[in-house]
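# Remarks on the overall topology
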Amino acid sequence: MNVSAFQTPLVLSGFCYLSGMAMFLAVLFWQWRLYSGEGSIGALGRTVNMWLLRILVAVTLGSLVFMVIQKPDNPVAFIPELSLLFLIAALYSMARADKSLARVLKDLPLELFKVIGVAIACLAGWALSLGLGWLVFTLVAKLPGNPDALAVVVIGLLWNAPLVLLYRGIQTKSKNVPDGMKFYKLLWPVLAAYLLIMLPEFIELVANAPKIQQMMQAGPPLQRV
């Protein structure tokens, strides 16, 4: 079995889905820390980037474990995942340039724990979202009109309700609201998360389009003798 041919679309789709959930949860996590009154929480962009980086590490490690289980015939198949892990480790070491190498190595177990925690949170978020979607579709299935469209609207409102509630709570309760904090500034990672979540479906839709299939199955052009 060609492990790479089977694994690449699965890994890319999983990365898109988990990255989208990670960006959404990172915004909620950042808001919750601000709402709880924690002193130094850093910028929103840094929190989102760290969650994305941890999801990348989790997906890469998962892909590497899968390949170890499958035992590919050619060891070269491990090179992409190992190279990506070494690159991430180098970037992490450069980001912690103010720390000694011994301190960086000492912090790696904690970072690995955070990677596992982010991955579990994203998987739990998807499980909750799927269960919520099933419940909403079941409840509105017998309503007149267009129940599917209504279910999508309800799910969208439920997804974004925590963002709005936390934002209002921060404005009324928190004493360390960042200067210039506006709700629309929280939406860019959320919109990017939606785009990432929809990306695999969009690629599949384009790939299965009749014109694309016709172009891929067309024979070689005729040549004049």
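What counts, and where the lines are drawn
- Residues numbered from 1 in each chain as written.
- Predicted model: local features only at pLDDT ≥ 70, side-chain atom pairs only at ≥ 80, totals over all residues.
- Heavy atoms only, no water.
- Helix = DSSP H or I, 4+ residues; strand = E, 2+ residues; numbered from the N terminus.
- Buried < 20%, exposed > 50% of the residue type's maximum accessible area, 1.4 Å probe, protein only.
- Contact = heavy atoms within 4.5 Å.
- Areas by Shrake-Rupley, 256 points an atom, 1.4 Å probe, with all protein chains shown as cover.
- Patch = residues over 30% accessible without salt bridge, like charges linked within 9 Å, V, L, I, M, F, W, Y side chains within 5 Å.
- Salt bridge = Lys/Arg side-chain N within 4 Å of Asp/Glu carboxyl O.
- Expected span 1.5 Å × (residues − 1).
- Bend = angle between axes of the 7 residues up to and from the residue.
- pLDDT = per-residue confidence, 0-100.

## A closer look at the overall build of the chain
Counting its secondary structure elements, the chain contains seven helices and zero strands. Along the chain direction, N to C, the helices and strands of the chain fall in the order α-α-α-α-α-α-α. Per-residue burial for the chain yields a buried fraction of 31% across its 225 residues. Within the chain, contacts between residues at least 6 apart in sequence are counted, and of these 68% link residues at least 24 apart. Surface summary for the chain: the accessible area is close to 15,200 Å², and the carbon and sulfur share equals 71%.

## Observations concerning a nonpolar patch on the surface
On the surface, Leu-112, Ile-116 and Ile-120 cluster together into a nonpolar patch covering about 270 Å² of accessible area. Within the fold, Leu-112 resides in helix α4 (residues 101-140).

## Quick notes on the pattern of salt bridges
Applying the stated criterion to the full structure yields two salt bridges. For Arg-54, the salt bridge is made with Glu-111, and the minimal N-O distance between the two is 3.5 Å. Placement of the pair is Arg-54 in helix α2 (residues 44-70) and Glu-111 in helix α4, with a sequence separation of 57 residues. Taking relative accessible area as the criterion, Glu-111 reaches 14% and is therefore assigned buried. Measuring nitrogen to oxygen at the nearest pair gives 3.9 Å for the salt bridge that ties Glu-111 to Lys-114. Residue Glu-111 and its partner Lys-114 are both found in helix α4; the two are separated by three residues, about one turn of the helix. A single network of salt bridges, built from pairs that share partners, joins Arg-54, Glu-111 and Lys-114.

## A look at helix α5 (residues 147-173)
Here α5 contains 27 residues, and its C-alpha end-to-end distance of 38 Å stays within 8% of the 39 Å for a straight helix at 1.5 Å per residue. Taken as a whole, α5 carries its principal kink of about 35 degrees at Asn-160; the proline Pro-162 stands between one and four residues after it. Restricting attention to buried positions, one finds in α5 the residues Pro-147, Ala-151, Ile-155, Trp-159, Leu-163, Leu-166, Tyr-167, Gly-169 and Ile-170.

## Quick word on the side chain of Arg-54
Residue classification places Arg-54 among the buried residues on the basis of a relative accessible area of 13%. Here Arg-54 is in contact with Glu-111, Lys-114, Val-115 and Val-118, once residues within four sequence places are set aside.

## Details of the confidence of the model for the chain
Across the chain, the average pLDDT comes to 78, with 77% of residues at or above 70. In this model, residues 1-6 is a region of pLDDT below 50 whose contacts with residues beyond four sequence positions or in other chains number seven contacts.

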